[in-house]
Amino acid sequence: MKILDFGLARPIDDGLRGTTTRLTQAGTAAGTPGYMAPEQLSGGTVDPRADVFAFGVLAAEMATGEHPFGSDPAEMIRRMTSLMSAGPVMRSGAWSAPDVQQIALRCLRAAPEERFASGIEVAAALRAATGTGFGTVVEPSLWWWQFHQAAIAVSIVAMPAIA
């Protein structure tokens, strides 16, 4: 998984509070609704565990081929907000990665304190569950990454000449 959108990123260090500008108001929810934690949907206080929830949504989506709360936006939001009171109401699908299922389900718990505290804990759980060193870089992958970056750089430099 690669995180590409940091539009709502903010420092969590209280020492920086006076030097940063908030782009949202207290009590408002900002983000992509299908990936927001229940506390975020309700405009509550969020912390890194809201990102853990979003990871759980993505992991479930990748392992089952469908969004865990359905594809209809209105139904999706209803199911996600009902997590706060009624418990899990996720759609069930066949998991192509059973090692990831329990981890993703823990990430999707309604109560933030029941989720992993951070992405570091999620990564450690994934490594332990697969027993394969999941998430570690091996030499062939490193070579491919370096080749990929060089090829992209050459392409970008060549574009103006071709145009």
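Residues numbered from 1 in each chain as written. Predicted model: local features only at pLDDT ≥ 70, side-chain atom pairs only at ≥ 80, totals over all residues. Heavy atoms only, no water.

**A look at the packing of aromatic side chains**
Next up, step 1: Scanning the model with the defined rule gives 1 aromatic pair in all.
Next up, step 2: Relative to Phe 69, the ring of Phe 53 lies with its centre 6.2 Å away and its plane at 15°, an arrangement referred to as stacked. You can see Phe 53 sitting in helix α2 (residues 48–64) and its partner Phe 69 sitting in the loop between α2 and α3 (73–86), a full 16 residues away along the chain. A single burial state applies to Phe 53 and to Phe 69, both of which are buried. (Phe/Tyr/Trp six-rings, centres within 6.5 Å; stacked < 30°, edge-to-face > 60°. Helix = DSSP H or I, 4+ residues; strand = E, 2+ residues; numbered from the N terminus. Buried < 20%, exposed > 50% of the residue type's maximum accessible area, 1.4 Å probe, protein only.)

**Topic: the nonpolar core**
Next up, step 1: Ranked by size, the top nonpolar core spans 23 residues in total, and within it Phe 53, Phe 69, Ile 103, Phe 116 and Val 122 carry the most contacts.
Next up, step 2: Counting only elements with at least two residues in this core, the list comes to α2, α3, α4 (98–107) and α5 (119–130).
Next up, step 3: Broken down by element, the residue count for this core peaks at 7 residues, all from α2.
Next up, step 4: If we ignore the near neighbours within four places in the chain, the residues touching Val 122 are Val 52, Phe 55, Ile 103, Cys 107 and Phe 116. (Core = buried A, V, L, I, M, F, W, Y, C linked by side-chain atoms within 4.5 Å. Contact = heavy atoms within 4.5 Å.)

**Re α4**
Next up, step 1: When α4 is considered as a whole, its buried residues turn out to be Val 100, Ile 103, Ala 104 and Cys 107. All buried residues of α4 project into a common sector of 100° when viewed along the axis, lining one side. Away from its buried face by more than 90 degrees, α4 exposes Pro 98 and Gln 102.
Next up, step 2: Packing partners of the buried residues in α4 comprise α2 and α5. (Arc of directions from axis to C-beta.)

**Remarks on α2**
Next up, step 1: When the terminal C-alpha atoms of α2 are compared, their 25 Å separation across 17 residues agrees well with the 24 Å that a helix rising 1.5 Å per residue should span.
Next up, step 2: Among all positions in α2, only Ala 50, Val 52, Phe 53, Ala 54, Gly 56, Val 57, Ala 59, Ala 60 and Ala 63 are buried.
Next up, step 3: Two residues or fewer after α2 comes Gly 65, characterised by a positive phi angle close to 85°. (Expected span 1.5 Å × (residues − 1).)

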